[in-house]
Amino acid sequence: MIHRYRQNTMNIVLDVESGAIHIVDDIVYNMLEFFEQMPKEKLYDEMSDKYAVSDLKEAYNEILQLTVEGLLFSEFDYSETAQNEALPVVKALCLNVAHDCNLRCGYCFAGEGEYGLKREMMSIKTGKKAIDFIINNSGNRHNLEIDFFGGEPLMNFDVVKKIVEYARAEEKKHNKNFRFTMTTNGLLLDDENLIYINKHMHNLVLSLDGRKIVNDKMRKTVSGDSCYDIILPKLLKAANSRGQDNYYVRGTFTHHNLDFSKDVLHLADLGFKQISVEPVVAGDDKDYAIKKADLPKIYKEYELLTNEMISRFGKEDDFNFFHFMIDLEGGPCLAKRLAGCGAGTEYLAVTPDGYLYACHQFIGNEKYKLGDVESGIASGLTKEFKNLNVFTKEDCKNCWAKYYCSGGCAANALNFNNDLKIPYEIGCEIQRKRTECAIALKCAYYLLPK
């Protein structure tokens, strides 16, 4: 299978199974459309009104040579690789240390931090048991990840620090290495906790949607006031204190700001170098939800963003956009490409009272409560998640982008289609466009004078 498209004056061809990317001329690009369907003599006849036969023969031979080398129309079969009978080890936990929040964001999937449950904070006792759980269920894996999440984790920061201290002590005993991440809205960021975060958190996610009018439409304080002017200087200070690395400023765009490229560029022009702004996921009953009719506008915005990033290559105002970051030479391992984030198997979420869920987006759905940190995983649902991959999802099998999205988000599939194996269609469409732009960005960089 190949995928061919035009962007930024380039003819780009992706060989899906090998991952090879080709920048080709018009004659090769047009010939590829019918290469597998027509014998070469008929191809020459069909295209001879536009191109010389000698050029057609040269193009045909180039395509044939790449095919022989396994770089076009390759036929690798990874389906058996995806059928791993062994249950994977747990390598990451999302610790919801606070089921409460000091913001009231209109699109919050967590119901103002409560997740449809109750407002509560994780105790240090539960936090320690979570660390014990991942150590005991991580097998021989050395590197483990802990994400401090909420709600707003800084509302329970003393417990966060005690969990980190406990994990550091335990990792030495068990030959483990913990990497910590925190996601915060920044309201409670101050010099003292920022020093601690920079010392102990390997990554930091800072929430901000972009322009003030956009941010404050959906992200308000408990009293209903603006938060932009309060948090912006704190987030900038945090980003700069980390040398503009190992963090993301993370925003959400909705139906109300389909011109979201302006929000990305607003953040870049403020000085943020690591940016992630992604579409809201919500049902059609919400006025801010992304609709199918919005997709052409969204595609255009991603193209505008690609063009702007190309124009900033190597300049002081350049930046990284999370959803355009793609590694065409190495990238995630094959297992990751086939199955994605590992929700429900390698990655689990822990509530303040110690219950285990398939991921933070499943919290509150009793069907996907898998156990608890004291007794362990009790539910057979782990096997259901283990069998999720691009070959067990009919919509993914023949999708050219399957190895870049890994089958999409299981929680979104369940919420929209009541089936873990039927992907969220709008999310698929957006992911395909982002992948095209990411590849185009890489190709443009490759063509720059060195």
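Our subject is the structure that appears above.
What comes next concerns the included structure. (Residues numbered from 1 in each chain as written. Predicted model: local features only at pLDDT ≥ 70, side-chain atom pairs only at ≥ 80, totals over all residues. Heavy atoms only, no water.)

Brief notes about the overall build of the protein
And then number 1: In terms of regular secondary structure, the protein is built from 17 helices and 18 strands.
And then number 2: Taking 22 Å as the expected radius of gyration for a compact globule of 450 residues, we find that the protein reaches 24 Å, a close match to that expectation.
And then number 3: Once the C-alpha set of the protein is aligned to its principal axes, its extents read approximately 75 × 50 × 45 Å.
And then number 4: A burial count over the protein gives 51% of its 450 residues as buried. (Helix = DSSP H or I, 4+ residues; strand = E, 2+ residues; numbered from the N terminus. Rg over C-alpha atoms; globule rule 2.2 N^0.38 Å. Buried < 20%, exposed > 50% of the residue type's maximum accessible area, 1.4 Å probe, protein only.)

Overview of the sheet that holds strand 3 (residues 21–24)
And then number 1: Strand order in the open sheet made by the 3 strands is 1-2-3, with antiparallel pairing throughout. Looking along the sheet, the strands with just one partner apiece sit at the ends: strand 1 (2–7) and strand 3. The mean inter-strand angle of the sheet, taken between neighbouring strand axes irrespective of direction, is 25°.
And then number 2: Pairing of strand 2 (residues 10–15) with strand 3 involves 4 bridges; the strand directions are antiparallel. (Pairing = 2+ DSSP bridges. Axes fitted to C-alpha atoms, helices over the stretch in contact; angles between N-to-C directions.)

Considerations on the environment of K292
And then number 1: Looking at the secondary structure, you find K292 in the loop between strand 13 (274–279) and helix 11 (295–311).
And then number 2: Owing to a relative accessible area of 53%, K292 belongs among the exposed residues under this scheme.
And then number 3: When the C-alpha atoms of K292 and E425 are compared, they prove to be 9.1 Å apart, with 133 residues separating the residues in sequence.
And then number 4: Residue contacts for K292: discarding those within four places in its chain leaves E425 and I426. (Contact = heavy atoms within 4.5 Å.)

Describing a nonpolar patch on the surface
And then number 1: Taken together, the side chains of I23, Y446 and L447 make up a nonpolar region of the molecular surface, amounting to roughly 330 Å² of accessible area.
And then number 2: One can find L447 in helix 17 (residues 425–447).
And then number 3: The exposure class assigned to L447 is partly exposed, which follows from its relative accessible area of 48%. (Patch = residues over 30% accessible without salt bridge, like charges linked within 9 Å, V, L, I, M, F, W, Y side chains within 5 Å. Areas by Shrake-Rupley, 256 points an atom, 1.4 Å probe, with all protein chains shown as cover. Salt bridge = Lys/Arg side-chain N within 4 Å of Asp/Glu carboxyl O.)

Examining the sheet that holds strand 13
And then number 1: Taken together, 11 strands build an open sheet; the order of strands is 14-13-12-10-9-8-4-15-16-17-18 and the sheet is mixed. Each end of this open sheet is capped by a strand with a single partner; those strands are strand 14 (320–321) and strand 18 (376–377).
And then number 2: Pairing geometry for strand 15 (residues 347–350) and strand 16 (residues 355–357), over 2 bridges, is antiparallel. Across the sheet, V350 pairs through a bridge with L356, a residue of strand 16.

So, the pairing of strand 9 (residues 177–184)
And then number 1: Here strand 9 lies mainly inside the structure; 6 of its 8 residues are buried.
And then number 2: One ladder, built from 6 bridges, connects strand 8 (residues 143–149) with strand 9; its direction is parallel. Considered in strand 9, the bridge of F148 is made with M182.
And then number 3: As paired elements, strand 9 and strand 10 (residues 203–207) share 4 bridges and run parallel to each other. By the bridge assignment, M182 is partnered in strand 10 with L204.
And then number 4: Of the crossover connections in this fold, the one passing from strand 9 over helix 7 (residues 191–200) to the parallel strand 10 is right-handed. (Right-handed = clockwise from strand over helix to strand, strands pointing away.)

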